[in-house]
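Residues per chain, in single letters:
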Amino acid sequence: MCEIFGLSSQCDFIANDYLKTFYSHSSHHPHGWGLACISGSGALIEKESIQASESNYLRERLSQPIVSKILLAHIRYATIGNVEYKNCHPFTGRDNTGRRWTLIHNGTIFDYPQLNCYVKKQMGDTDSERVFLYFMDCLDKAQNQKCSKLAFEERFALFDEIISGMAEGNKLNLLFSDGKYLYAHTNCLGTLFYLTKDNSTIITTTPLSDEAWQPLPFTRLMAFYKGKLVKTGTNHGHEYIESPESMKLLYSIFANL
């Protein structure tokens, strides 16, 4: 699988120390890396389809301060989709009101028919990109029906409903942002942790220091604003537990790629 990293901060946060440790895990996740520094309606996306520790570009990037209030990072272990740039996270795009969204995913969608139509629409091959495209279409449809932008509470309720259904039978560790809020979800116990410090919250797959990391509450969507938890969604109860059956299904997906 992959590892993911997210930051929500009240003030500009220099993330280099945590990112260096995060990207050092790439020997076990060698199929690409990505970084998104997000500010309002803008997102600087940088990624390559090579192992992070082998990237001269990333090495130079980390030699200078990486500063942001909202940040996403990803290292990829390919399960679905070839090792190509177009399959590297983050995925980003704008909804029909011009708001930019950026998403990273760690997990596998084994069964969710609503994503099938995106196989021919997506740029790459990953289930993660299909999740992102589905999110955007659902959001656009809701805003078209309202004939205006959805407020934060409405957007949160929409994603809460979608994720509650999608999580059943699927591993769905997600971090995504609209440039203002950082949304987080896991339904696999012990696979996302968070640290609160200096008016900031950092979320990652594996603790990155000796500080007081805590397991992120799972089977519910959470939203952070300026480093603080501001909204918790429905406890949908769809815990993903890896089983021999799920691994057999994953191998069968591989065989059909």
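Keep in mind that this is a model prediction, so the values were computed, not measured. (Residues numbered from 1 in each chain as written. Predicted model: local features only at pLDDT ≥ 70, side-chain atom pairs only at ≥ 80, totals over all residues. Heavy atoms only, no water.)

Caption draft 1: Up close: the pairing of strand β5 (residues 91-94). Because side chains alternate across β5, one face comprises the buried residues Phe91 and Gly93, and the other comprises Thr92 and Arg94, none of which is buried. In terms of strand pairing, β5 meets strand β6 (residues 100-108) through four bridges, oriented antiparallel. Paired with Thr92 across the two strands is Thr102, which belongs to β6. The turn linking β5 back onto β6 is made up of five residues, and Gly98 within it adopts a positive phi angle of 95 degrees. (Buried < 20%, exposed > 50% of the residue type's maximum accessible area, 1.4 Å probe, protein only. Helix = DSSP H or I, 4+ residues; strand = E, 2+ residues; numbered from the N terminus. Pairing = 2+ DSSP bridges.)

Caption draft 2: The packing of helix α3 (residues 127-146) against helix α4 (residues 152-166), seen in detail. For the pair α3 and α4, the least separation of the axes is 11 Å and the interaxial angle reads 135 degrees. The angle between the axes of α3 and α4 places the two elements in the oblique class. The handedness of the crossing between α3 and α4 is right-handed. Across the interface between the two elements, Val131, Tyr134, Phe135, Cys138, Leu139, Ala142 and Lys146 of α3 pack against Glu154, Arg155, Leu158, Phe159, Ile162, Ile163 and Met166 of α4. Class assignment of the residues belonging to the contact of α3 with α4 gives a composition of eleven nonpolar, no polar and three charged. (Axes fitted to C-alpha atoms, helices over the stretch in contact; angles between N-to-C directions. Parallel < 35°, antiparallel > 145°, perpendicular 65-115°, else oblique. Left-handed = near helix turned anticlockwise from the far one by under 90°. Contact = heavy atoms within 4.5 Å. Nonpolar A, V, L, I, M, F, W, Y, C, P; charged D, E, K, R; others polar.)

Caption draft 3: Examining helix α1 (residues 16-23) more closely. Buried within α1 we find Asn16, Tyr18, Leu19, Phe22 and Tyr23. All buried residues of α1 fall inside an arc of 160 degrees around its axis, so they share one side. If you follow the buried residues of α1, they end up packed against β1 (3-14), β2 (33-39), α2 (56-62), β4 (67-75), β9 (193-197) and β10 (200-204). (Arc of directions from axis to C-beta.)

Caption draft 4: Inspection of the environment of Leu182 at higher detail. Mapped onto the elements of the fold, Leu182 is located in strand β8 (residues 181-185). Along the primary structure Leu182 and Cys117 are separated by 65 residues, whereas in three dimensions their C-alpha atoms are 27 Å apart. Ignoring any residue separated from it by four or fewer positions in sequence, one finds Leu182 in contact with Gly6, Leu7, Ser8, Leu72, Phe176, Ser177, Ile203, Met222, Ala223 and Phe224.

Caption draft 5: Spotlight on the pairing of strand β7 (residues 171-177). In terms of burial, β7 is a largely internal element, seven of the seven residues being buried. Taking every second residue as pointing to the same face, both faces of β7 are buried, with Lys171, Asn173, Leu175 and Ser177 on one and Leu172, Leu174 and Phe176 on the other. Here β6 runs beside β7; their pairing, made up of seven bridges, is antiparallel. Along β7, the bridge assignment pairs Thr108 with Lys171. Looking at chain direction, β7 and β8 are connected through four bridges and run antiparallel. In the sheet register, Leu175 faces β8, and the bridge partner there is Ala184. The antiparallel pairing of β7 with β8 creates a hairpin that spans three residues between the two strands, and Gly179 there sits at a positive phi of about 90 degrees.

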